[in-house]
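Structure at a glance
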Amino acid sequence: MITLIQQIIEDVYSNHKDLNEGEVATYIPELGKANGSHFGICLASVDGQVFSVGDWEQEFTIQSICKPFAFQMALEERGRDATLQHVGVEPSGDPFNSIELDPRTMRPYNAMINAGAIAIASLIKKDPVEAGVQAFVEKMGQAAGRTLRIDEAVLFSESVTGNRNRAIAYLMLNCGIIDAGVEASLRQYFSQCSLLVNCRDLAMMAATLANMGVNPVTKERVFDFEYIRDVLTVMFTCGLYDYAGEWAYRVGLPAKSGVGGGIIGVVNRQVGIAVYSPRLDDKGNSVRGIAACKEIAAHLGLHAFEFTNVGSSFMQWLNES
Ligand code: DON
């Protein structure tokens, strides 16, 4: 018998599969090879149940969804005070690739935009640079519950075309935000963005955040609980860039999008949500991803301030399944 939650995500999938608006990202040439018709949805609950529909096994690069996880790693390695000397927690209201720093502090506004993510990459990089990349890949594999790898073609494509990110990095070197290992910091950042994941991996990574840092299936502690609050807060206020306010208003969940077409949402202590569909709107967010998340959150009453949400609405739906 099909469960209630499975039926709901299958309905959401059917409702949006003919939504063909948006364009696949091409500014990183290798991303332009993605199939725009792909569409997958996956939900992973904190008690280890997984619900999937569509192209949920299709791999794609994580892109900016690496940013909250790298922020978590920096907080764990450096602590709050040292990390926040290099990056703020203020929404920028500007596009993800803006060449700007907060004029009051000369820090990037937050760790979800490129500037902040490059500053974070510079904190968690290691010598040799492969060691820092490997540490990130391993940690993400623990959160996903399987071994993950880098897409070398996407990494190469972004490395040779990523001059806007180079400009941001050199601006931050000039302002004393990152150290002189600029190419190493960029290599760390580009590699993080090139991690291959599927929808189930992302849902499990989001569920690991929702589950206070413990992977709900493997039961391994992946993230230090102390800093998850920091990460979810910045995801809530900054995760969708210049759509962040609208997202918080309409969906009401900590979230992060990537130009590979992925989007994650975290329902604290309940469930991780992931949607994959590579056609993007003009802000770089997945069109079907936003539409599907809006419907899932509305249908299940997951908005953080939903008046019917008494703190465990998803688990109530599960119990009714
Ligand atoms: O830095 C870049 O341009 C990409 N590697 C990541 C950008 C991204 O995913 C923005 N998110 N929507």
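Quick look at the structure, then. (Residues numbered from 1 in each chain as written. Predicted model: local features only at pLDDT ≥ 70, side-chain atom pairs only at ≥ 80, totals over all residues. Heavy atoms only, no water.)

Moving on, we come to the nonpolar core. I41 and L43 are the most contacted members of the largest nonpolar core, which totals 109 residues. In terms of residues, this core owes the most to one element, helix α9 (residues 199–210), which gives nine residues. What I41 contacts, discounting residues up to four positions off in sequence, is I9, V12, Y13, F51, S52, V53, W56, C199, A274, V275, A292 and I296. (Core = buried A, V, L, I, M, F, W, Y, C linked by side-chain atoms within 4.5 Å. Buried < 20%, exposed > 50% of the residue type's maximum accessible area, 1.4 Å probe, protein only. Helix = DSSP H or I, 4+ residues; strand = E, 2+ residues; numbered from the N terminus. Contact = heavy atoms within 4.5 Å.)

So, on to the pairing of strand β9 (residues 271–276). Most of β9 sits inside the fold, with six of its six residues counted as buried. The pairing of strand β2 (residues 40–45) with β9 spans six bridges and is antiparallel. Its bridge partner lying in β9, C42 is registered against A274. Here strand β8 (residues 262–267) pairs with β9 via six bridges, running antiparallel. Residue pairing across strands places G262 opposite Y276, the latter belonging to β9. (Pairing = 2+ DSSP bridges.)

Taken in spatial order, the five strands line up as β3-β2-β9-β8-β7 in an open sheet, and their pairing is antiparallel. Each of the sheet's edge strands pairs with one partner strand only, and the pair in question is β3 (50–54) and β7 (255–257). Geometrically, the sheet is characterised by an average inter-axis angle of 10° between neighbouring strands, direction not taken into account. The strands touched by helix α12 (residues 287–300) are β2, β8 and β9; relative to β9, the strand with the most contacts, the crossing angle is about 150°. (Axes fitted to C-alpha atoms, helices over the stretch in contact; angles between N-to-C directions.)

Following the criterion strictly, the structure yields seven aromatic pairs and no others. Relative to F96, the ring of Y27 has its centre 6.2 Å away and its plane inclined at 40°; by these criteria the two rings are tilted. Highlighted residues: Y27 in the loop between β1 (23–24) and β2 and F96 in the loop between α3 (80–84) and α4 (114–124), separated in sequence by 69 residues. Note on Y27: relative accessible area 44%, which makes it partly exposed. Residue F96 is classed as buried on the basis of its relative accessible area of 12%. Joined through ring pairs, the aromatic side chains of Y27, F96 and Y241 make up one cluster. (Phe/Tyr/Trp six-rings, centres within 6.5 Å; stacked < 30°, edge-to-face > 60°.)

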